[in-house]
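Here is what each chain is made of, one letter per residue.
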Amino acid sequence: MVAMYTIAGRQVGSHWLAMLTLGTLGGLSASFMGGSAAKKTQGPPINAQSPDEETFVKEFLKNAEADEKKGSNVDATKKDAGR
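Now for a look at the structure at hand. (Residues numbered from 1 in each chain as written. Predicted model: local features only at pLDDT ≥ 70, side-chain atom pairs only at ≥ 80, totals over all residues. Heavy atoms only, no water.)

## A closer look at a nonpolar patch on the surface
Move 1: Judged by side-chain polarity, Ile 46, Phe 56, Phe 60 and Leu 61 come together as a nonpolar surface patch covering roughly 400 Å² of accessible area.
Move 2: The topology assignment puts Leu 61 in helix α2 (residues 51-70).
Move 3: On the basis of relative accessible area, Leu 61 is assigned to the partly exposed category, the value being 42%. (Patch = residues over 30% accessible without salt bridge, like charges linked within 9 Å, V, L, I, M, F, W, Y side chains within 5 Å. Areas by Shrake-Rupley, 256 points an atom, 1.4 Å probe, with all protein chains shown as cover. Salt bridge = Lys/Arg side-chain N within 4 Å of Asp/Glu carboxyl O. Helix = DSSP H or I, 4+ residues; strand = E, 2+ residues; numbered from the N terminus. Buried < 20%, exposed > 50% of the residue type's maximum accessible area, 1.4 Å probe, protein only.)

## Quick look at the pairing of strand β1 (residues 4-7)
Taken residue by residue, a regular strand's side chains alternate between the two faces of the sheet.
Move 1: Sheet topology note: the β1/strand β2 (residues 10-13) ladder contains four bridges and is antiparallel. The partner of Ile 7 across the bridge, within β2, is Arg 10. (Pairing = 2+ DSSP bridges.)

## Here's the deal with the packing of aromatic side chains
Move 1: Applying the stated rule across the entire model yields one aromatic pair.
Move 2: An angle of 25° between the planes, with centres 6.4 Å apart, marks the rings of Phe 56 and Phe 60 as stacked. Of this pair, Phe 56 and Phe 60 are both found in helix α2, four residues apart, which corresponds to roughly one turn of the helix.
Move 3: Owing to a relative accessible area of 52%, Phe 60 belongs among the exposed residues under this scheme. (Phe/Tyr/Trp six-rings, centres within 6.5 Å; stacked < 30°, edge-to-face > 60°.)

## Concerning unusual backbone geometry
Move 1: Even without being a glycine, Ala 8 presents a positive backbone phi close to 55°.
Move 2: Relative to the assigned elements, Ala 8 resides in the loop between β1 and β2.

## Focus on α2
Move 1: With 20 residues, α2 extends 29 Å between its outermost C-alpha atoms, agreeing within 8% with the 28 Å of an ideal straight helix rising 1.5 Å per residue.
Move 2: Directly beyond the C-terminal end of α2, a positive phi value near 90° is found at Gly 71. (Expected span 1.5 Å × (residues − 1).)

Pasting the structure below:
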């Protein structure tokens with residue numbers, strides 16, 4: 001038989017209290033183990049001589065990363081090698 005406890009005027013079985021306790025602990029620990037989002041690492045500083053050069057380098061790096069994600073990082077010389 002199950003031990004019964006009176007909580008807020010109702011009879012509650014000990015197995016319900018155990019399940020509630022374990023569920024609460026599991027839910028809280030799962031929520032705290034989520035962690036934070038990965039932060040984007042910052043590369044080395046760009047030592048540009050002018051703002052135009054800095055803009056060019058930033059755009060070039062952004063385009064290179066986009067091409068790398070697409071998988072189209074083939075050199076122009078390799079494209080023409082099939083002729």
